[in-house]
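Residues per chain are reported as follows:
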Amino acid sequence: MAFLIILLVIILIIAFKSIKIVKQAEVYIIERLGKYHKIADAGLTIIVPFIDHVRSVVSLKQQTMDIPPQGVITKDNVTITIDTVVFYKITDPAKAVYEIQSLKKGIEYLAITTIRDIVGKMDLDATFSSRDSINDQLRVILDEATDQWGCKIDRVEIKDITPPADIRDAMEKQMNAERNKRALILQAEGERQSAITIAEGQKEAAILEAEADRESKIRRATGEAEAIKQVAEARAKEVEMIYSAMKKANPDTTLVQLKSLEALEKIANGDANKVFIPFDATSALGSLGAIKEVFNDDKKLKK
């Protein structure tokens, strides 16, 4: 009975040593007599007990590794602290186990030295404005270096860049000065644009007012010219009518001269101090004087 119990225990131990269940996204590195034998994928795996053993369990998931914050000296001799995280994945489990003593330590040390080399060639301001460039350079260099270790670097991200306290205060003051400068520039630009807009509005208003005044004067002058034209046409018609009437009446010279004298009498009775008599009118007056003398001689003869 005891023998059966011992045999059952031995069988259970052998079964425990022989049957291995590999989880999803993991592989087992199997060695036989101390030498690499095979890679056991996810699922049930049978090994030879006491001959084969599991050297390492390797995860095939994408993994993250925080690089401890490192003090880095920039090109302009400013010491800053950089905090970095690396995303990587194992593509060849055998190389990751046999090509390097510790894959994580290797990635960490390589990332630290690479960050110092890249940032050491840059100014302080460039480190803040070139994060994407630094990330890309880190990823490329780490990916090339870790390829022989069966590892692929997917991403490298700089989480934080911390300058010294005095540098940070100076940067804050500079940023405040820049913001105030931009605010003043924007205010001045706004006032300038407002003044330009007001001046343009006044100019447009003056132009419109001048055009309106010009149009008004043109219309007034046009109206006056039209009125003068109409008056002249009316006077011309009146003269033409008078001339026609006189022509139809067929007046003699004596009647015309008498009418001229009547007109001169009315002019003489006016407010004017001087009366200029045309030459034709004096001829008429001379004729009237001759007629008067004839009448006087006739009267004398009758006496």
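Refer to the preceding data block for the structure.
For clarity, every value in this text was computed on a predicted model and none was experimentally measured.

Asker: Mind showing me how you'd approach the sheet that holds strand E3 (residues 35–40) here?
Answerer: Pairing in this open sheet of three strands is antiparallel, and the strands run E3-E2-E5 from one edge to the other. Every interior strand has two partners, whereas the edge strands, E3 and strand E5 (52–59), have only one. Ignoring strand direction, the axes of neighbouring strands in this sheet form an average angle of 25 degrees. The pairing of strand E2 (residues 26–32) with E5 spans seven bridges and is classified as antiparallel.

Asker: Hey, could you run me through the packing of aromatic side chains in this one?
Answerer: The relation between two aromatic rings is expressed through the spacing of the ring centres and the mutual angle of the planes. Under the defined criterion, the tally for this structure stands at one aromatic pair. Look at Tyr 36 and Tyr 98: their rings are 5.8 Å apart centre to centre, the planes differ by 75 degrees, and that puts the pair in the edge-to-face class. Separated by 62 residues along the polypeptide, Tyr 36 in strand E3 and Tyr 98 in helix H2 (residues 93–98) bring together distant segments of the chain. Accessibility expressed as a relative area gives 37% for Tyr 36, which makes it partly exposed. Here Tyr 98 falls in the partly exposed class, since its relative accessible area comes to 34%.

Asker: Would you mind going over the packing of helix H3 (residues 103–119) against helix H5 (residues 131–146) with me for this structure?
Answerer: When two helices pack together, you describe them by how their axes are tilted relative to each other and by the distance separating the axes. For the pair H3 and H5, the least separation of the axes is 10 Å and the interaxial angle reads 140 degrees. One element, H3, and the other, H5, form an angle in the oblique class. For the element pair H3 and H5, the recorded crossing hand is right-handed. In contact with Ile 107, Leu 110, Ala 111, Thr 114, Ile 115, Ile 118 and Val 119 of H3, H5 contributes Ile 134, Gln 137, Leu 138, Ile 141, Leu 142, Ala 145 and Thr 146.

Asker: Please explain the side chain of Thr 114 as it appears in this structure.
Answerer: Here Thr 114 lies in helix H3. In terms of polar contacts, Thr 114 uses its side chain to reach the backbone carbonyl oxygen of Leu 110, at 2.7 Å. Excluding its chain neighbours within four sequence positions, the residues that come into contact with Thr 114 are Leu 138, Ile 141 and Leu 142.

Asker: Even after reading the chapter, I still don't get the nonpolar core, so can you show me in this structure?
Answerer: Nonpolar side chains tend to gather and get buried jointly when the protein is soluble and globular. Counting residues in each nonpolar core, the largest one holds 35 residues, and the members touching the most others are Ile 80, Ile 82, Leu 103, Ile 107 and Ile 153. Take this core: its biggest share by element is eight residues, from H3. Setting aside chain neighbours within four positions, we find Ile 82 in contact with Pro 68, Pro 69, Gln 70, Val 72, Ile 115, Val 119, Ile 158, Asp 160 and Ile 161. The next biggest cluster of nonpolar side chains, apart from the first, holds five residues, and it includes Val 22, Tyr 28, Ala 40 and Ile 47.

Asker: What am I meant to see in the sheet that holds strand E7 (residues 79–90) here?
Answerer: What holds strands together in a sheet is hydrogen bonding between their backbones, with the strands either parallel or antiparallel. Strands sit in the order E6-E7-E8 across an open sheet of three strands; the sheet is antiparallel. Two strands bound the open sheet, and with one partner strand each, they are strand E6 (63–73) and strand E8 (151–162). Strand-to-strand twist in this sheet, taken as the mean axis angle between neighbours without regard to direction, amounts to 25 degrees. For E6 and E7, the ladder comprises nine bridges, and the chain directions are antiparallel. Looking at E7, one finds that Asp 66 is bridged to Val 85. In the packing of H3 onto the sheet, the strands contacted are E6, E7 and E8, and the crossing angle to E6 comes to about 35 degrees. Here H5 sits on the sheet in contact with E7 and E8, set at roughly 145 degrees to E8.

Asker: In this structure, what is going on with the pairing of E7? I would like to understand it.
Answerer: On a regular strand, each side chain points to the face opposite its neighbour's, so the side chains alternate between the two faces of the sheet. What sits between E6 and E7 in their antiparallel hairpin is a turn of five residues, with Asn 77 showing a positive phi close to 60 degrees. The pairing of E7 with E8 spans ten bridges and is classified as antiparallel. Each residue of the ladder has a partner; that of Thr 84, found in E8, is Ile 158.

Asker: In this structure, what is going on with the pattern of salt bridges? I would like to understand it.
Answerer: Going through the model one piece at a time under the given rule, you end up with nine salt bridges. Here Lys 159 makes a salt bridge to Asp 66, at a shortest N to O gap of 3.5 Å. Here Lys 159 is found in strand E8, whereas its partner Asp 66 is found in strand E6, with 93 residues between them in sequence. In this structure, Glu 157 engages Arg 155 in a salt bridge whose closest nitrogen and oxygen atoms are separated by 2.3 Å. Among the residues examined, Glu 157 registers a relative accessible area of 24% and is labelled partly exposed. Each member of the salt-bridge network shares a partner with another, and the members are Asp 66, Asp 83 and Lys 159.

Conventions adopted
- Residues numbered from 1 in each chain as written.
- Predicted model: local features only at pLDDT ≥ 70, side-chain atom pairs only at ≥ 80, totals over all residues.
- Heavy atoms only, no water.
- Pairing = 2+ DSSP bridges.
- Helix = DSSP H or I, 4+ residues; strand = E, 2+ residues; numbered from the N terminus.
- Axes fitted to C-alpha atoms, helices over the stretch in contact; angles between N-to-C directions.
- Phe/Tyr/Trp six-rings, centres within 6.5 Å; stacked < 30°, edge-to-face > 60°.
- Buried < 20%, exposed > 50% of the residue type's maximum accessible area, 1.4 Å probe, protein only.
- Parallel < 35°, antiparallel > 145°, perpendicular 65-115°, else oblique.
- Left-handed = near helix turned anticlockwise from the far one by under 90°.
- Contact = heavy atoms within 4.5 Å.
- Polar contact = N/O pair within 3.5 Å; in protein donor to acceptor, adjacent residues only side chain to side chain.
- Core = buried A, V, L, I, M, F, W, Y, C linked by side-chain atoms within 4.5 Å.
- Salt bridge = Lys/Arg side-chain N within 4 Å of Asp/Glu carboxyl O.

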